[in-house]
Amino acid sequence: MIDAFHESSTTLFNRHVRNWKTDGGKVVGYTCSYVPDEIFHAASILPYRLRGVGAREMNIADAYFGPFICSLPKCLLQLAGEGKYHFLDGAVVTPGCDSMRRLDDCWRKAGEDRAEALPSFFFHYAVPHKTADYSLKWFIEETRRLQAAVEKHFNVTITDYQLYDSIGIYNEGRLLLSRLDALRCAPDVAISGADALAVVLASTTIPRKSFNSLLMDLIAQIEAGSDRISGRKRLMLVGSANDDVELVRLIEGDEAVVVADNLCFGARFYADLVEQDGDPVAALAKRYLYHNDCPRMFGDYKGRLSILKEKIERAAVDGVILQNIRFCDLHGSENGIFERDLEAAGIPCMRIEREYGPLVETGRIRMRIDAFLERLEK
Amino acid sequence: MRKELKEYPFDWMIWRTFVAAARMKAGSEKEYSQAVKQLPYFRGILDTIYGIGEPGQLFIEMVAEYFEKIIFARKRGQKTAITTFCFSPAVFYALDIVPITLELVTVAMGATYKRGTADFLDYCNEVGFTETSCSSQRGTLGAYLAGNGVTIDMVVCDSPGVCDTNVNAFAFASAYLDKPFFQLNMPPDLTGARSTEYHRADYRALIAFLEEQIGRKLDTEKLREILTEVRKQDILMAELEELQILVPNPLPVTFNLLIYAGRFLFAGMPQCTRLLESLLKIGRENARQNQSGLSSGKERLRGFFCYIDHYGQDLRLWHLLDQMEISYHGNILSKMWSQDAYYAKALDRLEDAYNIDTTDLDTLIDSIADLNSRMPMIKSIRGPYDAPHMWLQDTLALAKLHRADFIVYNGTPGCRNTWGMVKPFARDTEKNGFPTLILYSDAFDMRVESWETTASRIEEFLKVRRLRP
Amino acid sequence: MIVAGCDVGSLTAKAVIMEEGNILAWEILRAGTKPALSAREVMDKTLEKASLSMDQIAWCVGTGYGRKQIPFARSEESEIACHGRGAVWAASTVRTIVDIGGQDAKAIKVDAQGNVIRYLYNDKCASGTGRFLEIMADALGIALDDLGELAGKATNPVTLSNQCVVFAETEIISLVNEGRNVADIIAGLHRALANRAASMVGSIIADEEVAMTGGVAKNSGMFRALETALGVPVRRIDHPQLNGAIGAALFARDAAAARS
Amino acid sequence: MITAGCDVGSLTSKAVIMRDNRIVAQEVIRSRTKPAESAVAVMNMALQKAQMTLTDIVFCVGTGYGRDKIPFISEAVSEISCHARGARWLLPTVKTVIDIGGQDCKAMRIDKDGKILKFITNDKCASGTGRFLEVMARIINVSLDDLGGLSARATAPIALANACTVWAQADVIQHLNDGISAEDIGAGINNAMASRMAVLANNIGLERDLCMTGGVAKNAGVVSALEKLLGMSIKRIKKVDPQLVGAVGAALIAGDKVERRTAS
Ligand SMILES: Nc1ncnc2c1ncn2[C@@H]1O[C@H](COP(=O)(O)OP(=O)(O)O)[C@@H](O)[C@H]1O
Ligand SMILES: Nc1ncnc2c1ncn2[C@@H]1O[C@H](COP(=O)(O)OP(=O)(O)O)[C@@H](O)[C@H]1O
Ligand code: SF4
Ligand code: SF4
Ligand code: SF4
């Protein structure tokens, strides 16, 4: 059962997307957890979170991006340039961070050189970096602009009714993911971190209705079963985007289990619900702007720290791994203060910096993790 | 960080150095060269700046005064705010808050400290900040994080939407030192009602924050006075910058630094006006005589530095240009886009520029909000580089206006924003007929690429592209 | 008129003596740490081969990293200009040159006269350089000359994740330990290097005939890898490693002609 | 009780045999491509010296990059724990250990039993590793043994791009071509290494006493530059080659494990 999730988490053009396309469905990719899936869902478009899995070379990406850039957007551009994202009918780029927002520039330029690289619908979605009433106002307007652009390009109308319906379906998915989260951080861990990540990753690509029912079955199966993980060190994974199941496997090894995270392919993605009354676009804007706990929103460090601490306690975490992709300013620097403040609170932490992309030479990471687990021994 | 660095507060040291330097010039040539021996590392810069004449003297005094304000702020019952260079300090002066602009201090420190800012850069990493972040803030920030400078009361910056690494430095400082934090947020477009409204609402929130920090309301008269002075400075700057277009360019290479540093230090303050007037005197005189500002009096080439120029520890880049008889034409730091700017008019881009309207408090705040949203960097790198009003458009238009022979792209490798699209950018400037050199050195951290390597890359470029024999 | 070009690189020193567009003699030696000595040595050997003495050389142009230290050079040119010039001389239809030497890699765009229109250095810390290949060959215990042939035997080239020379070495060793076929590893290495070069070519937009110069061009594996990465055939020229020195000699001819 | 430690590193492989917490044999060889081969070779040499066979050893702990590939060990432990344990045993007052080997550098704070309280590693860039020094030494044409000594004779050390080995390499060549002396360049190289190391060490918060292990501890230039940067003297390990500390720690941990096993 879990294999189905793993399949969708490691293949770009997975079975579900393939079927969707065969049935004539449209797919729009986006780069960041601040993009409301519901807008697309309501237009019967499959919202698809873009990832860089399977990028092996960098020759295309390096022709556009400079040398000091996070490898995640680079891998994305590489795949687009190689035509691996041929199934996209559209893409939305946000100013998540500077590396990511320059994907907008580089992708369009790559599209000038290779026509197949750029989908016909391409939208820069301006997400503010702060939560003030005027930012929310801006964001509501921006979301309406997105909605109008989708309607125009795909020749559809998105009604409030459809939006409500989509919000309902996505909220249901969020609730299910939270239930899975509870199974994960329980004293007897019911699902490994690697499997849990596969589920979250699948949720970003599979049509939500099918995903919800798959997940419902999985949860039922887990709850009924008796496979529990115990006697391992309980870790939490924090920091830069990670969509690499193998990395979590490597971290878990035979002695640890990742019971919690605060990642944007993870808990942050499904933490809070969208309100189901009032203006649906405003409700979406509010949820996506206010409940994301990402360091791209500057100035709310304390809020994010307390979320971490609360989770650490709830999941009885033994140690925290603070990882960031090289050149990631947002997580890199925040991890530095997290480390200081968590260690001061008696929670052992370890920072690692890594590249996004194929996990090849694992010895270096393994050594650090072994040492960290040895440190947790006593 | 090494222990001996903590012996004296670093900002106090810089202040003393500049005070000493400012006094020196009062003596004879001989006394000056005797005294300057005491400041060996500073000497190259001092010689260059004093070489300009009266404005050089004013500039050194101005820097000394800037640090004096920082050192004695608390004694005078004022609050201090660390801030960034792309933030107009006028609002602080209007509220009697003392701004500490990290990047400026970094440059001053690089000039006066033997090892530059290396120790402080590294100190940031010691306390957890990433080492791949921008060096311009980190250089100084390290010293404040180490508690080696004056006490900071608040952290105020304005780059989200423009530059993560910059804001991150401030966000980190606020979390690390546990100080109140405010940042202005820039949407990706510059013009249009939505953006303008956003800028103004955001700026009002800033003022509310600052008022809360000092427990006083903004004084309308004071703000009016300062913005009136800013307007005066805008007009002076516009004339200075317009003089640059002349062939030969009557302004010496170093004028640029003084022009924008003046604004970053003392926008809206009479000191800055005096400096600009003094620069203008020389500029006008040279122009009248149809004289180049370069030491040799001959101008062979015109270079447009579209990003940041090279500071390193001294003004070696400027010397090199001067020596090669290359006239220097501004960079992304030097254009402020006021309604008076000749380029705003010449390029018919008044829409990009800000207006100063002193009618009432509301128009004053709107004006300063607009001004701040047009600050260097903030203006043109907030959106896609090739979008209207943005970097490519500005660079090409200005380089053409200035009849530049080539473009140089140099700055700090810590910047994701600018390095994110450097290659398509350079491709476009090349397509438009400008040979473009990308330098991988760091304007603030000389360890990234040695000056010798940088210099030889510049020479090689000019030669290979047949700009210079 | 007899002229010479001397290219003192980071790894090798090269000299060539030419007369009216013909190569009379050439030599390539491993460079020592003192560029002046390396230059002298390689030039003496070349002169000896041509049975000439230094005073019979009308003009000599120096190039390469050590160009400023060559005592007998009468003028100097950067290696970018020399490689541009040399490649177009060797094959007149070439407009883009990928030069991979020991220390750095460059992509150069030239016009029909071999004048440089644009160029780019490798900007990656990792550096797709000849030194990278040497270190790897060393780690695998394989002679440089055999790299190309071995790469040809690969069936399933590996993917390398590391941009960094130093770390890539670790990665390679661990691949060997995992029992990966050496030919596959080497082919993977070549591919990584070629892709880096291809991205440089991509950013200066090269669409016309491409040639490869520098010592690494002697490696047939790299040649094939570059062709694959670029998706176009790469032109072979006769003396790729000597190309910079040849360009220098051509500049020397201009200079001498201008003199007389 | 006879225990052993085997540390297979990227540059060197080390073996130590201990009897009742006393070293009876030690050996260092250059690592070969296959860790298993290196381990067997170095262990055989040590055994020969001790006039023992593998069966005499009650417990053997493996460490280093190749630890999982060592055929004869009873258990593998990370180098961080081994260096900590070894350093504390060799210098009982030590609280902070800096280990620079061929592939990375680490700094750790330890308690009185040599257990790790906090550690940090350099995983960003090769310029903080012993390999950086090797590459640089090759370029300026001095042996690794001589590189450290250059610092003492330098008059104006160059400032080096400590951001990257490869960039630093280009800079070094530029300086060589500009005629800068090998002493000044070498000292610059050592300083760059030390300043990178200092950042790591300060990050975990230094506590006295401090010592250095790993091959780079043999580079006097780096050690004294680091002392200057940290404002603290670095205790020298004299009993064994600092390169061997990891293997010593491994052998000690082997002893601990046996004790714990017999106790329970
Ligand atoms: N026979 C060969 N076969 C394959 N590669 C070679 C051969 N000779 C040299 N090389 C490659 O060429 C590189 C040296 O290139 P070269 O152009 O001579 O460098 P430089 O000009 O910097 O001295 C070496 O690092 C090596 O990778
Ligand atoms: N005799 C020496 N003098 C100075 N430095 C040395 C010496 N021998 C080795 N080194 C340094 O030590 C490093 C290797 O350290 P080592 O601890 O053996 O590494 P590893 O455990 O990874 O094999 C080398 O890269 C080199 O920089
Ligand atoms: S990991 Fe960091 S730098 Fe990379 S895309 Fe995410 S936020 Fe941006
Ligand atoms: S150069 Fe880059 S990092 Fe520095 S302030 Fe500007 S945008 Fe930010
Ligand atoms: S990882 Fe390697 S190539 Fe990259 S910066 Fe570091 S030393 Fe240089």
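None of these values were measured; they are calculated from a predicted model.

Asks: What exactly am I supposed to notice about the overall build of chain A here?
Replies: In terms of helices and strands, chain A carries 16 helices and 8 strands. In terms of its C-alpha atoms, chain A occupies a principal-axis envelope of roughly 60 × 45 × 40 Å. Expressed as a percentage of the 378 residues in chain A, the buried residues total 69%. Counted over contacts in chain A with a minimum sequence separation of 6, partners at least 24 positions apart contribute 73%.

Asks: What is the right way to read the interface of chain A and chain D from this model?
Replies: How big an interface is tends to be reported as the loss of accessible area on association of its parts. Contact with chain A, which involves 20 residues of that partner, is made by 22 residues of chain D. For the chain A and chain D pair, buried surface summed over both sides reaches about 1700 Å², with 48% attributable to carbon and sulfur atoms. If you sort the residues of chain A by the area they bury against chain D, A:R364, A:M367 and A:R368 come out on top, with a joint share of 33%. The shortest N-O distance in the salt bridge between D:R67 and A:D370 comes to 2.6 Å. Top contributing element to the side of chain A that touches chain D by residue count: helix α16 (residues 363-376) of chain A, with 10 residues. For the side of chain A that touches chain D, the class distribution of residues is 7 nonpolar, 1 polar and 12 charged.

Asks: Looking at this model, I keep getting lost on the layout of surface pockets. Mind explaining?
Replies: One simple way to see leftover space: roll a probe sized like a water molecule over the atoms. In this structure, the largest pocket occupies an estimated 1400 Å³ of space. If you list the elements that add at least two residues to the lining of the largest pocket, you get α6 (102-112), α7 (118-126) and α20 (451-464) of chain B together with α6 (182-204) and α7 (220-230) of chain D. Residues that form the lining of the largest pocket fall into these classes: 21 nonpolar, 12 polar and 10 charged. Approximately 1000 Å³ is the volume found for the second largest pocket. In terms of lining residues, the second largest pocket is bounded by 44 residues, among which C:E169, C:T170, C:I173, D:S10 and D:Q103 are the most central. Among the secondary structure elements, those contributing two or more residues to the lining of the second largest pocket are α16 of chain A, α3 (130-140) and α5 (165-177) of chain C together with α1 (35-50) and α3 (130-139) of chain D. Its residues assigned to classes, the lining of the second largest pocket shows 15 nonpolar, 13 polar and 16 charged.

Asks: Quick question: what am I supposed to make of the interface of chain B and chain A here?
Replies: Counting residues at the interface gives 52 residues for chain B, matched by 46 residues for chain A. Approximately 4200 Å² of surface area, both sides summed, lies buried where chain B meets chain A, with 54% of it carried by carbon and sulfur atoms. If you sort the residues of chain B by the area they bury against chain A, B:D164, B:R194 and B:R416 come out on top, with a joint share of 18%. Applying the counting criterion to the chain B and chain A interface returns 10 salt bridges. Here B:E197 and A:K137 are joined by a salt bridge, their closest N and O atoms 2.6 Å apart. Elements supplying a minimum of two residues to the side of chain B that touches chain A: α9 (164-177), β4 (181-183), α10 (193-214), α18 (416-419) and α19 (422-431) of chain B. When residues of the side of chain B that touches chain A are assigned to their parent elements, the largest contribution, 8 residues, is made by α9(B). The residue makeup of the side of chain B that touches chain A, split by class, is 27 nonpolar, 13 polar and 12 charged.

Asks: For this particular structure, what's the right way to read the pattern of salt bridges?
Replies: Between side chains of opposite charge, a pair can form as their charged atoms come close. Here the structure, examined in full by the defined rule, presents 87 salt bridges over all chains. In this structure, D:K106 and D:D99 form a salt bridge, with 2.9 Å as the shortest nitrogen-oxygen distance. Each member of the pair, D:K106 together with D:D99, is buried. When salt bridges that share partners are traced, they join A:D104, A:R108, A:K109, A:E112, B:D386, B:D428 and B:K431 into one network.

Asks: What's the story with the domain arrangement of chain D in this structure? I'm lost.
Replies: Residues and elements named next belong to chain D. For chain D, the assigned domains are domain 1 (1-91 + 239-264) and domain 2 (94-236). Placing the centre of domain 1 and that of domain 2 at their C-alpha centroids yields a distance of 26 Å. Taken together, the contact between domain 1 and domain 2 spans 17 residues of the former and 28 residues of the latter. Counting the surface lost from both domain 1 and domain 2, the interface buries some 1800 Å², and carbon and sulfur atoms represent 64% of this.

Asks: Can you help me understand the packing of helix α11 (residues 220-245) of chain B against helix α13 (residues 270-288) of chain B in this one?
Replies: A pair of packed helices is captured by two measures, namely the crossing angle of their axes and the spacing between those axes. Residue and element names in this part refer to chain B. Packing of α11 against α13 brings their axes to within 9 Å, and their N-to-C directions diverge by 25 degrees. In terms of axis orientation, α11 runs roughly parallel to α13. For the pair α11 and α13, the crossing hand works out as left-handed. Residue-level inspection shows E229, K232, Q233, L236, M237, E239, L240 and L243 of α11 in contact with α13, the latter providing P270, C272, T273, L276, E277, L279, L280, G283, R284 and A287. Here the contact of α11 with α13 is composed, by residue class, of 10 nonpolar, 3 polar and 5 charged.

Asks: Looking at this model, I keep getting lost on the sheet that holds strand β4 (residues 59-63) of chain C. Mind explaining?
Replies: In any sheet, the strands associate via hydrogen bonds between backbone groups, in a parallel or an antiparallel arrangement. All names here are of chain C. Strand order in the open sheet formed by 5 strands is β3-β2-β1-β4-β5, with mixed pairing between adjacent strands. The outermost strands of the open sheet, each flanked by one partner alone, are β3 (22-30) and β5 (75-76). Where strand β1 (residues 2-8) lies against strand β2 (residues 12-19), 7 bridges are found, and the strand directions are antiparallel. Bridge pairing links A4 to I17 in β2. Sheet strands touched by helix α1 (residues 35-50): β1, β2, β3 and β4. Its angle to β3, the strand with the most contacts, is close to 140 degrees.

Asks: What exactly am I supposed to notice about the confidence of the model for chain A here?
Replies: The predicted structure's coordinates, where accompanied by low pLDDT, should not be read in detail. When pLDDT is averaged across chain A, the result is 93; 99% of the residues are at 70 or more. Helix α12 (residues 267-270) of chain A is the least confidently modelled element of chain A, averaging 73 in pLDDT, while strand β3 (residues 90-93) of chain A averages 98, the highest of any element.

Asks: Explain the environment of A:I307 here, please?
Replies: Residue and element names in this part refer to chain A. Assignment of secondary structure puts I307 in helix α14 (residues 301-314). Look at I307 and you get partly exposed, because its relative accessible area is 26%. It is 8.5 Å that separates the C-alpha atoms of I307 and D293, two residues lying 14 residues apart in sequence.

Asks: Just to check I follow, could you spell out the site of ligand 2 for this structure?
Replies: All names here are of chain D. Near ligand 2 lie 19 residues; those nearest to it are L11, T12, E134, D145 and Q243. With respect to ligand 2, the backbone of G130 contributes an N or O atom lying 3.0 Å from an oxygen atom. One of the backbone N or O atoms of V216 is found 3.3 Å from an oxygen atom in ligand 2. The protein chains hide 91% of the 570 Å² of surface that ligand 2 would expose on its own. Broken down by secondary-structure element, the contributors of at least two residues to the shell around ligand 2 are β2 (12-19), α3 and α4 (144-153). Per-element accounting of the shell around ligand 2 gives the leading share, 4 residues, to α3. Looking at the shell around ligand 2 residue by residue, the class counts come to 4 nonpolar, 10 polar and 5 charged.

Asks: Before we go on, may I ask you to explain helix α1 (residues 10-24) of chain B in this structure?
Replies: One turn of the α-helix equals 3.6 residues, which is why residues spaced by three or four share an orientation. Residue and element names in this part refer to chain B. Counted at 1.5 Å a residue, the expected span for α1 with its 15 residues is 21 Å, and the 21 Å between its end C-alpha atoms agrees. Those residues of α1 not exposed but buried are F10, D11, I14, W15, T17, F18, V19, A21, A22 and M24. For α1, the elements touching its buried residues are α2 (29-36), α3 (43-51), α4 (54-72), α6, α7 and α8 (135-145).

Asks: Whenever I open this one, the site of ligand 1 confuses me. Can you help?
Replies: Residue and element names in this part refer to chain C. The environment of ligand 1 is formed by 19 residues, the closest being T12, K14, E134, D145 and Q241. With respect to ligand 1, the backbone of L11 contributes an N or O atom lying 2.8 Å from an oxygen atom. Within the contact set of ligand 1, a nitrogen atom lies 2.6 Å away from a side-chain nitrogen or oxygen of D145. If ligand 1 stood free it would expose 580 Å²; the protein chains cover 89% of that surface. Elements that contribute at least two residues to the shell around ligand 1 include exactly β2, α3 and α4 (144-152). Its residues placed into classes, the shell around ligand 1 shows 3 nonpolar, 11 polar and 5 charged. Shared between two domains, the shell around ligand 1 takes at least three residues from each, and those domains are domain 1 (1-91 + 238-260) and domain 2 (94-236).

Quick notes on the rules
- Residue indices follow the written sequence of each chain, beginning from 1 at its first position.
- Chains and ligands are labelled by the order in which they are written, letters from A for the one and numbers from 1 for the other.
- pLDDT decides what is reported in this predicted model: residues at 70 or higher carry local features, side-chain atom pairs at 80 or more are listed and counted, and totals for whole chains, interfaces and linings draw on all residues regardless.
- The side-chain quantities take in all heavy atoms of the structure and omit both hydrogens and water.
- Per the convention used, a helix needs a DSSP run of H or I reaching at least four residues, while a strand needs a run of E reaching at least two, with both numbered from the N terminus.
- Any residue under 20% of the maximum accessible area for its type is buried, any over 50% is exposed, and the rest in between are partly exposed; the area is computed with a 1.4 Å probe on protein chains only.
- Contacts are residue-level and defined by heavy atoms, with any inter-residue pair within 4.5 Å sufficient.
- Accessible area that two parts lose when put together, evaluated with a 1.4 Å probe and summed over both, is termed the buried area.
- What counts as a salt bridge is simple: a side-chain nitrogen of Lys or Arg found within 4 Å of a carboxyl oxygen of Asp or Glu.
- Charged means Asp, Glu, Lys or Arg here, nonpolar means Ala, Val, Leu, Ile, Met, Phe, Trp, Tyr, Cys or Pro, and polar covers whatever is left, Gly included.
- With a 1 Å grid laid over protein atoms only, a set of points is called a cavity when a 1.4 Å probe fits there but cannot get out and a pocket when it is open yet has protein on both sides within 12 Å along at least five of seven lines; lining residues have an atom within 4 Å of a point.
- Grid points are joined across faces, edges and corners, and a volume is the space filled by probe spheres set on the points.
- Start and end positions for the domains come from either an automated domain assignment or a database one.
- In this description, a line fitted to the C-alpha atoms serves as the axis of each element, helices being fitted only across the stretch in contact, and the angle between N-to-C directions of two axes falls anywhere from 0 to 180 degrees.
- Angles below 35 degrees are treated as roughly parallel, those above 145 as roughly antiparallel, those between 65 and 115 as roughly perpendicular, and all remaining angles as oblique.
- In this scheme, a crossing is called left-handed if the near helix is turned counterclockwise away from the far one by less than a right angle; it is called right-handed if the turn is clockwise.
- A pair of strands is treated as paired once DSSP finds two or more bridges between them.
- Predictor confidence is given residue by residue as pLDDT, running from a minimum of 0 to a maximum of 100.
- Put simply, a residue is near a molecule or strand once any heavy atom of it comes within 4 Å of that molecule or strand.
- In protein, a polar contact means a hydrogen-donor-capable atom and an acceptor-capable atom, both N or O and within 3.5 Å, with residues adjacent in sequence counting only if both atoms are side-chain atoms; elsewhere, any N or O pair within 3.5 Å suffices.
- The protein chains shown are the only cover counted for residues, whose accessible areas, like all others here, come from Shrake-Rupley with a 1.4 Å probe.
- For a helix, the expected span equals 1.5 Å multiplied by the number of residues minus one.

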